[in-house]
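Chain by chain, the residues:
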Amino acid sequence: MQRILLIDDDADLGAPLATYFARFEYGLEQALRPSIGLQKLSLGGFEAAILDVMLPEMDGFALCREIRKTSDIPIIMLTARGDVMDRVVGLELGADDYLPKPFEPRELVARLQTVLRRRQPSRAPPAAGPLHFDGLMVDPVTRTVLRQGQPVELTSTEFDLLHLLAREPGKVFSRDDILNQLRGHEAELYTRAVDIVVSRLRKKLEPLDCIKTLRNAGYALGLARVADV
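Basis of the calculations
- Residues numbered from 1 in each chain as written.
- Predicted model: local features only at pLDDT ≥ 70, side-chain atom pairs only at ≥ 80, totals over all residues.
- Heavy atoms only, no water.
- Core = buried A, V, L, I, M, F, W, Y, C linked by side-chain atoms within 4.5 Å.
- Buried < 20%, exposed > 50% of the residue type's maximum accessible area, 1.4 Å probe, protein only.
- Helix = DSSP H or I, 4+ residues; strand = E, 2+ residues; numbered from the N terminus.
- Contact = heavy atoms within 4.5 Å.
- Salt bridge = Lys/Arg side-chain N within 4 Å of Asp/Glu carboxyl O.
- Axes fitted to C-alpha atoms, helices over the stretch in contact; angles between N-to-C directions.
- Parallel < 35°, antiparallel > 145°, perpendicular 65-115°, else oblique.
- Left-handed = near helix turned anticlockwise from the far one by under 90°.
- Nonpolar A, V, L, I, M, F, W, Y, C, P; charged D, E, K, R; others polar.
- Pairing = 2+ DSSP bridges.
- pLDDT = per-residue confidence, 0-100.
- Arc of directions from axis to C-beta.
- Polar contact = N/O pair within 3.5 Å; in protein donor to acceptor, adjacent residues only side chain to side chain.

Chemist: What should I look at first to understand the nonpolar core in this one?
Modeler: The tendency in soluble globular proteins is for nonpolar side chains to be buried side by side. Core analysis: the biggest nonpolar cluster contains 27 residues, and Leu136, Val145, Leu162, Cys210 and Leu221 have the highest contact counts within it. Listed by contribution, the elements that provide at least two residues to this core are strand 6 (131-133), strand 7 (136-139), helix 6 (156-167), helix 7 (175-182), helix 8 (191-205) and strand 11 (218-221). The element best represented in this core is helix 6, accounting for six residues. Residues contacting Val145, with those up to four places away along its chain left out, are Leu136, Met137, Gln150, Pro151, Val152, Leu154, Phe159, Leu162 and Leu205.

Chemist: Just to check I follow, could you spell out the pattern of salt bridges for this structure?
Modeler: Pairing of side chains with opposite charge becomes possible as their charged atoms draw close. Under the definition given, this model contains 15 salt bridges. A salt bridge links Lys204 to Glu158, with the shortest nitrogen-to-oxygen separation between them at 2.7 Å. Pair noted here: Lys204 is in helix 8 and Glu158 is in helix 6, with a separation of 46 residues, a long-range link. Linked through salt bridges whose partners overlap, the residues forming this network are Arg3, Glu29 and Lys40.

Chemist: Which parts of the structure should I look at to understand the packing of helix 2 (residues 34-42) against helix 3 (residues 60-68)?
Modeler: Two measures define how a pair of helices packs: the angle their axes make with one another and the distance between the axes. Where helix 2 contacts helix 3, the axes come no closer than 11 Å and their chain directions differ by 20°. One finds that helix 2 runs roughly parallel with respect to helix 3. Considering the relative orientation of helix 2 and helix 3, their crossing is right-handed. Counted together, Pro34, Leu38 and Leu41 of helix 2 and Leu63, Glu66 and Ile67 of helix 3 form the full contact between these two elements. For the contact of helix 2 with helix 3, the residue count by class is five nonpolar, no polar and one charged.

Chemist: In this structure, what is going on with the pairing of strand 7? I would like to understand it.
Modeler: Within a regular strand, the side chains alternate between the two sheet faces. Alternating positions in strand 7 separate into two faces, Leu136 and Val138 on one and Met137 and Asp139 on the other, with burial throughout. Relative to strand 7, strand 6 runs antiparallel, the two sharing three bridges. Following the sheet pairing, Leu131 is matched in strand 7 by Val138. Between strand 6 and strand 7, which pair antiparallel and follow one another directly, the connecting turn spans two residues, one of which, Gly135, has a positive phi of 90°. Alignment of strand 7 against strand 8 (residues 144-147), held across four bridges, turns out to be antiparallel. Bridged to Leu136 within strand 8 is Arg147. Counted between consecutive antiparallel strands, the loop separating strand 7 from strand 8 contains four residues, among which Arg143 sits at a positive phi close to 55°.

Chemist: What exactly am I supposed to notice about the confidence of the model for the protein chain here?
Modeler: In low-pLDDT regions, the fine details of the predicted coordinates are not to be read closely. Summarising the model, the protein chain shows a mean pLDDT of 85, and 85% of its residues fall at 70 or more. Counted against residues more than four places away or in other chains, residues 122-126, with its pLDDT under 50, gives three contacts. In this model residues 185-189 is a low-confidence stretch, pLDDT under 50, and it forms 24 contacts with partners more than four residues away in sequence or in other chains.

Chemist: How do you make sense of helix 3 when you look at a structure like this?
Modeler: Quick reminder: α-helices carry 3.6 residues per turn. Residues three or four places apart thus point the same way. Among the residues of helix 3, those classed as buried are Gly60, Phe61, Leu63, Cys64, Ile67 and Arg68. Taken end-on, helix 3 shows its buried residues confined to a sector of 160°, consistent with a single buried face. Among the residues of helix 3, the N-terminal cap falls to Asp59, whose side-chain oxygen and the backbone nitrogen of Phe61 are separated by 3.1 Å.

Chemist: Before we go on, may I ask you to explain the sheet that holds strand 9 (residues 150-151) in this structure?
Modeler: Pairing between the strands of a sheet comes from backbone hydrogen bonds, and it takes one of two forms, parallel or antiparallel. Spatially, 6-7-8-9 is the arrangement adopted by the four strands of the open sheet, whose pairing is antiparallel. Looking along the sheet, the strands with just one partner apiece sit at the ends: strand 6 and strand 9. Sheet contacts for helix 6: strand 6, strand 7 and strand 8; angle to strand 7, the most-contacted strand, approximately 105°.

Chemist: Just to check I follow, could you spell out unusual backbone geometry for this structure?
Modeler: It is generally the case that most residues other than glycine have a negative phi and that most peptide bonds are trans. The linkage connecting Lys101 with the following residue, Pro102, adopts the cis geometry, with an omega of -5°. With respect to the element layout, Pro102 can be found in the loop between strand 5 (97-100) and helix 5 (105-119). Pro207 follows Glu206 through a cis peptide bond whose omega is 10°. When you line up the elements, Pro207 lands in the loop between helix 8 and strand 10 (211-214). Look at Glu57: it is not a glycine, yet its phi comes out positive at around 70°. By relative accessible area, Glu57 is classed as partly exposed at 47%. The backbone of Arg143 shows a phi angle near 55°, a positive value even though the residue is not glycine. For Arg143, the position within the fold is in the loop between strand 7 and strand 8.

Structure (structure tokens):
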């Protein structure tokens, strides 16, 4: 049973949600305070984290930022507001998905399944081998990225976007192309979300100048393939 950590100060939420999650072979544990949640995550063993935005001690955005300092664990954020700006901030901080409250437990499970499924190594034979570029390596099997020989920690969304571009270097992918490829990966993906993920990815790949912007057209990987090594 895969362990999932819920960090939410609503003490009445955890037990019924855990009962529902158990139907899908997920073991849900709840932490009522961010400090307790961070302590639990530091011990390892969790496959994903679900964060409420409105929390004591620190809000969910600050908590997401703290988690991302040391972990790329999939994160789903919950909020009672559901504002577009909340979604933007969550995406900028590295959240993988976003769900406004109130929500149906089945939808939360579906989003969790999508996030976890995208973390699994690709089984497609054509994409099995690492993709090598000048200063960059993308391996779809292990879902690892090396920048100038050093590993780069990416969220699942960031990796899938990079892999999409790396499969066809030089090809321009419009925002709609990217949305269609990654839809379901982040809640209610929209045009600005693509720009945010690209911006995060560029920063993590510095000093390489990997992703080119073609005005009014989209994005392309600006590196040429090199022979596999």
